[in-house]
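Coordinate inspection notes
The lines below spell out each chain.
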Amino acid sequence: MTTTETITLAGGCFWCTEAVFQRVRGVVAVQSGYCNGHVPQPSYEQVCTGTTGHAEAVRVTFDAAQIDVRDILQIFFATHDPTTPNRQGNDVGPQYRSGIYYERPEHGEAARALVRELEAQRVFAAPIVTEVEPMTVFWPAEDYHRDYFARHPQQGYCAFVIAPKLEKFRKTFARYLKP
């Protein structure tokens, strides 16, 4: 019996989200790509125009025997700003929207329940705008996006945007770090 499950998360630039989830215990694969748009096999340049309907996202495959989808979602909400529509920091456009795209209906239910809980607890100063929708399409990103932070840790964006997110993840979710 397999315990592997997949959920796709859009938290702004996929380099950031990929770098976080590659470090999560129980995550067996992370693939950057473009989801839920209307252009087949879009290029990064096309997606960056904001006209393809795609979100930059990561497909997270995890072992549900080691970590459950709620934990994955809590990490997701803590490592990006789910209150800014079509924006994460200086990255602006619909491709940078916050989104949870599920293949299993129970993952969608878990996501909506967690959004309600976070809203009720007023965890964020503004309303959560994360879209929670079924996955309709996922196109893998070009190879040069794969493991971007690991290959370019000194690059400006990596050093000043991704590295602080990773530090926050390490401090907040140390129990979920891979050994």
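Residues numbered from 1 in each chain as written. Predicted model: local features only at pLDDT ≥ 70, side-chain atom pairs only at ≥ 80, totals over all residues. Heavy atoms only, no water.

For the protein, the helix and strand inventory stands at six helices and eight strands. Secondary structure of the protein in N-to-C order comes out as β-α-β-α-β-α-β-β-β-α-β-β-α-α. Since a compact globule built from 179 residues should have a radius of gyration of about 16 Å, the 15 Å found for the protein is in line with a globular shape. Reported as C-alpha extents along the three principal axes, the dimensions of the protein are approximately 40 × 35 × 35 Å. For the protein, the computed accessible surface area is about 8,600 Å², with 54% contributed by carbon and sulfur atoms. Averaged over its 18 positive side-chain charges, the protein has a centre that lies 5 Å from the centre of its 20 negative ones. (Helix = DSSP H or I, 4+ residues; strand = E, 2+ residues; numbered from the N terminus. Rg over C-alpha atoms; globule rule 2.2 N^0.38 Å. Areas by Shrake-Rupley, 256 points an atom, 1.4 Å probe, with all protein chains shown as cover. Lys, Arg positive; Asp, Glu negative; His and termini not counted. Charge placed at Lys NZ, Arg CZ, Asp CG, Glu CD.)

Quick look at helix α1 (residues 14-21) now. The α-helix winds at 3.6 residues per turn, so residues separated by three or four positions along the chain end up facing the same way. Burial runs high along α1: eight of the eight residues are buried. By the burial criterion, the buried members of α1 are Phe-14, Trp-15, Cys-16, Thr-17, Glu-18, Ala-19, Val-20 and Phe-21. (Buried < 20%, exposed > 50% of the residue type's maximum accessible area, 1.4 Å probe, protein only.)

Direction vectors running N to C along α1 and helix α6 (residues 156-172) enclose 35 degrees, while the axes themselves pass 10 Å from each other. In this structure, α1 meets α6 at a crossing whose hand is right-handed. On the side of α1, the interface is formed by Trp-15, Cys-16, Ala-19 and Val-20, while α6 contributes Tyr-157, Val-161, Ile-162, Lys-165, Leu-166 and Phe-169. Grouping the amino acids of the contact of α1 with α6 by side-chain chemistry returns nine nonpolar, no polar and one charged. (Axes fitted to C-alpha atoms, helices over the stretch in contact; angles between N-to-C directions. Left-handed = near helix turned anticlockwise from the far one by under 90°. Contact = heavy atoms within 4.5 Å. Nonpolar A, V, L, I, M, F, W, Y, C, P; charged D, E, K, R; others polar.)

Attention now moves to the side chain of Gln-95. One can find Gln-95 in the loop between β5 (91-92) and β6 (98-102). By relative accessible area, which is 3% here, Gln-95 ends up buried. At 3.3 Å, the side chain of Gln-95 and the backbone oxygen of Cys-48 are in polar contact. Setting aside its immediate chain neighbours within four residues, Gln-95 contacts Val-47, Cys-48, Gly-50, His-54, Ala-55 and Glu-56. (Polar contact = N/O pair within 3.5 Å; in protein donor to acceptor, adjacent residues only side chain to side chain.)

With that out of the way, let us pick up the side chain of Asp-71. Tracing the backbone through its elements, the reader meets Asp-71 in helix α3 (residues 69-78). No salt bridge forms around the buried Asp-71; measuring N to O, its nearest opposite-charge neighbour Arg-175 is 5.7 Å away. In terms of polar contacts, Asp-71 uses its side chain to reach the side chain of Tyr-176, at 2.9 Å. (Salt bridge = Lys/Arg side-chain N within 4 Å of Asp/Glu carboxyl O.)

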